[in-house]
Amino acid sequence: MIALNNAQRDAVLKGDGPALVLAGAGSGKTRVIVERIAHLVAEKGVDARNILALTFTNKAAQEMSHRVAARLGVERFGGWLGTFHSFGLYVLRRDIDKLGRPKQFTIFDDADQLSLMKKLIKDLGAQAASLSPRDVLSWISNYKQDIATPDMAPSAQPGENAKRVLWTRYHEALQRASAVDFDDLLVLTARLFEEHADARQKYAERYHYVLIDEYQDTNRAQYLLARHISSVHHNIFVVGDEDQSIYSWRGANIRNILDFEKDFPNASAFRLEQNYRSTEPILKAANAVVKNNTARLGKTLWTAKEGGDPVRFYDAPDAEGEARFVVDDIVEKKLSPAQVAVLFRTNGQVRLVEEAMRRKGLAYVVVGGVRFYGRKEIKDVLCYLRLLVNPADDVSLRRVLNVPARGIGATTQDLLEQYAIARKQSLMEVLRETEMDQSIAPRARQSISDFVHLIDDLALEAKTEPTATVVDHLLERTKYREYVQQADEKDYRTRLEMVDEFRAACAQFDVKGGGGLLAFLQELSLVSDVDSWDTSLPAVTLMTCHSAKGLEFDHVYLLGLEEGLLPHASALESEDNIEEERRLCYVAMTRARVSLTLCAAKARVVFGDGIAPRETSRFVAEIPRDQLKFVGGDPGRKASAGQAPVAIVPTGGIKLGTRVWHAQFGKGTVMYTSGSGAKLRARIRFESGRSRDFMVAAAPLKVLDGDKKK
DNA sequence: GAGCGAAACGAGGAT
DNA sequence: CGTTTCGCTC
């Protein structure tokens, strides 16, 4: 392993064969990839079309693309540069038929998956009634990302049999609807390369050089994909930082980066340890936190930016005070809003900050949260459009069949579903045959017939007319605007603006002359929150720590440094999960260039119905006290190791994150507590996915100790 | 079947 | 706390 300084970094760029660049936070990771591509094209004479560069977000891809083009002095970089998911889409559009699937497919987002799973659980009846759709989906996703199939899933635990059945049905439903989910974009691509040597060969011969950013976040499917693509030319160049691995819950396997040198023999490895971003106090504090992790290859970042303000810590009396402090501080210090980010662990924390910002008249943008394409009105229109190009898509059909209300109610819908099952047809096919069906009420029959005509007319139009025109006619014929206005008298203006914005996006797509409506819809489902973030606005940026990865700001405020929030309550039960939370904290801290302010609250409303005392995060305690400047004085309060000023729970060790056993419901985790003493209440989430409130004094609860499994 | 208010439910991070 | 489902009336 060679540790590189700035001057030696060029050596990284010139070799061939597998290479791993362990690049610390702020060490110029993107620059290394940009320079490497520039070297390949400008000096080695590699045809750009033989280069494949993969990232995790469109934003990162866009930025990289601009920088490569600028570096090469061309208008557009001609190589394939984009996200793993869009590469999967690119491959599957061409070759998914080799897996026996139709080339015209829809991509289901999480809302589609959720509504499908809800229905499947309902259909399965009592056997699955206690399962939560979200838990089942993430259970499936976990196995799926390891390229498993339903028959490979475990069935020993109670409930797992039902989950296996649901997985099988989910899989069948997707196939019937000609749809794939997000995981499939990677999993099916990996499977295609595993099972079809000709397809693998085609892509592996095409891409002489494969470059991957954020390699620590790859899952098994992405790892296999990378392996197969580089199986002919063996030029795989990956850049990553094991300390910034924060997506294990999405299937990322930290072993991919830890084992790179084993997986790719003859690999060269480099370390970039100079941080060009942060001042010394910020870097020292961040290092002090992350060094407590054990799953590391080990890097010690250093910076030439000596001096600088100390990292501050403010312990607010409550969450409102925390938000107020941040806003007041930004105003008082006259910070330029565009240079400031407020970061937090959960989306729910954003509300208080927004309110405080509004009160002070400070401009802000929220990145993430409610996704544009996840909004109800957009989703409705999208589902109509999907139906036009893919009539087999039952999930979209169910969503729009009676929206706006057109007299096809629950009774009729149930009947139609039954016919669909009995005749093994799609819902749309059933609709087409009901015109003559006496068992359906005449009024409903008329409505169904009108609906079928509407879809047919628009589908025909969609073949020739611009998408924006189709959307216009769709909105007119369904009276969608009137429906929105009626359904939401408070917010209908905003909602209609959203619809207009979507129409504008369609018009833009028409002008660019994309590859048809289906391609447009497929690409839309891969648009992420950060992609639509306008960085040129003079506004403070509010986002989660996860969204902030890869970004940097002069001034960073990191909120909610409390046990249960960062580290998050759901991670408290396992040391591995705590380490990931620690990495997340490290990622957030290292976004700061000039100043870093850590905040916590002594009390906070957690789940709505009560205020709970909070312990300061263990991560704050990991920073030596002389490296922290306590705003408002050091109250002498010890973090996590000692007593919080307000006693947390005297009774039986029940507190946030405690693992308990309930006589009726089994094992669970304490999600939230309120009250104290005899009146102590706890909300407990059980392994079945259910959660319930209990009076601790009265409930048949036992505390489980030393249970570190997850 | 639609529309309304009440009750129940669910709440981590996101391509 | 915000959203979805329930249950009632028309």
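Residues numbered from 1 in each chain as written. Chains lettered and ligands numbered in written order. Predicted model: local features only at pLDDT ≥ 70, side-chain atom pairs only at ≥ 80, totals over all residues. Heavy atoms only, no water.

Before going further, it helps to examine the overall build of chain A. Within chain A one finds 27 helices and 25 strands. Put simply, chain A has 710 residues, and 55% of those count as buried. For chain A, contacts bridging at least 24 residues in sequence account for 74% of all contacts bridging at least 6. Carbon together with sulfur atoms contributes 50% to the accessible area of chain A, which is approximately 31300 Å² in total. (Helix = DSSP H or I, 4+ residues; strand = E, 2+ residues; numbered from the N terminus. Buried < 20%, exposed > 50% of the residue type's maximum accessible area, 1.4 Å probe, protein only. Contact = heavy atoms within 4.5 Å. Areas by Shrake-Rupley, 256 points an atom, 1.4 Å probe, with all protein chains shown as cover.)

The next thing to look at is the environment of Ala269. By the element assignment, Ala269 lies in strand β9 (residues 268–272). For the pair Ala269 and Arg614, spaced 345 residues apart in the sequence, the C-alpha separation amounts to 43 Å.

On to the pairing of strand β2 (residues 19–23), then. Counting buried positions over the five residues of β2 gives five, a clear majority of the element. On β2, burial covers both faces: Ala19, Val21 and Ala23 on one face and Leu20 and Leu22 on the other are all buried. Direction of pairing for β2 relative to strand β8 (residues 236–240): parallel, over a ladder of four bridges. Each residue of the ladder has a partner; that of Leu22, found in β8, is Gly240. In the sheet, β2 pairs with β9 via five bridges, with the strands oriented parallel. Residue pairing in the sheet places Ala19 in a bridge with Ser268 of β9. (Pairing = 2+ DSSP bridges.)

The subject of this paragraph is the nonpolar core. Counting 50 residues, the largest nonpolar core has Leu385, Leu388, Leu397, Leu416, Leu431, Phe451 and Phe502 as its most contacted members. Ranked by the residues each element gives to this core, the list is headed by helix α20 (residues 442–464), at nine residues. What Leu397 contacts, discounting residues up to four positions off in sequence, is Leu387, Leu427, Met428, Leu431 and Phe451. Leu283, Val367, Cys545 and Leu596 belong to the second-largest nonpolar core, a separate cluster that totals 43 residues. (Core = buried A, V, L, I, M, F, W, Y, C linked by side-chain atoms within 4.5 Å.)

What follows is about the pattern of salt bridges. Here the structure, examined in full by the defined rule, presents 53 salt bridges. Between Arg271 and Glu273 there is a salt bridge, with the nearest N and O atoms lying 3.5 Å from each other. One connected set of salt bridges, linked through shared partners, spans Asp109, Asp112, Lys379, Arg386 and Asp393. (Salt bridge = Lys/Arg side-chain N within 4 Å of Asp/Glu carboxyl O.)

For the pair helix α16 (residues 376–389) and α20, the least separation of the axes is 9 Å and the interaxial angle reads 75°. One way to sum up the angle between α16 and α20 is to call them roughly perpendicular. Listed contacts from α20 to Tyr384, Leu387 and Leu388 of α16 are Phe451, Leu454, Ile455, Leu458, Ala459 and Ala462. In terms of residue class, the contact of α16 with α20 is made up of nine nonpolar, no polar and no charged. (Axes fitted to C-alpha atoms, helices over the stretch in contact; angles between N-to-C directions. Parallel < 35°, antiparallel > 145°, perpendicular 65-115°, else oblique. Nonpolar A, V, L, I, M, F, W, Y, C, P; charged D, E, K, R; others polar.)

The strands that make up a sheet pair up through hydrogen bonds in the backbone, lying either parallel or antiparallel. In spatial order, the strands read β14-β15-β13-β16-β17-β12-β20; together these seven strands make up an open sheet with parallel pairing. This sheet does not close on itself; its edge strands, each paired only once, are β14 (364–366) and β20 (628–631). Averaged over neighbouring strand pairs, the angle between their axes works out to 25° when direction is ignored. In terms of strand pairing, strand β13 (residues 340–344) meets strand β16 (residues 553–558) through four bridges, oriented parallel. What sits directly across from Leu343, in β16, is Leu558. Running over the sheet, helix α13 (residues 280–290) touches β12 (311–316) and β17 (592–601) and is turned about 50° from β17.

Bringing the side chain of Glu377 into the picture now. Within the secondary structure layout, Glu377 lies in helix α16. Polar contacts involving the side chain of Glu377 include one to the side chain of Arg375, which spans 3.0 Å. Residues contacting Glu377, with those up to four places away along its chain left out, are Tyr480, Arg495, Met498 and Val499. (Polar contact = N/O pair within 3.5 Å; in protein donor to acceptor, adjacent residues only side chain to side chain.)

On to the side chain of Lys29, then. Among the secondary structure elements, Lys29 is positioned in helix α2 (residues 29–43). Overall, the relative accessible area of 13% leaves Lys29 in the buried class. Residues within four places of Lys29 in sequence aside, it is in contact with Ala23, Asp213, Glu214, Val239, Gly240 and Gln244.

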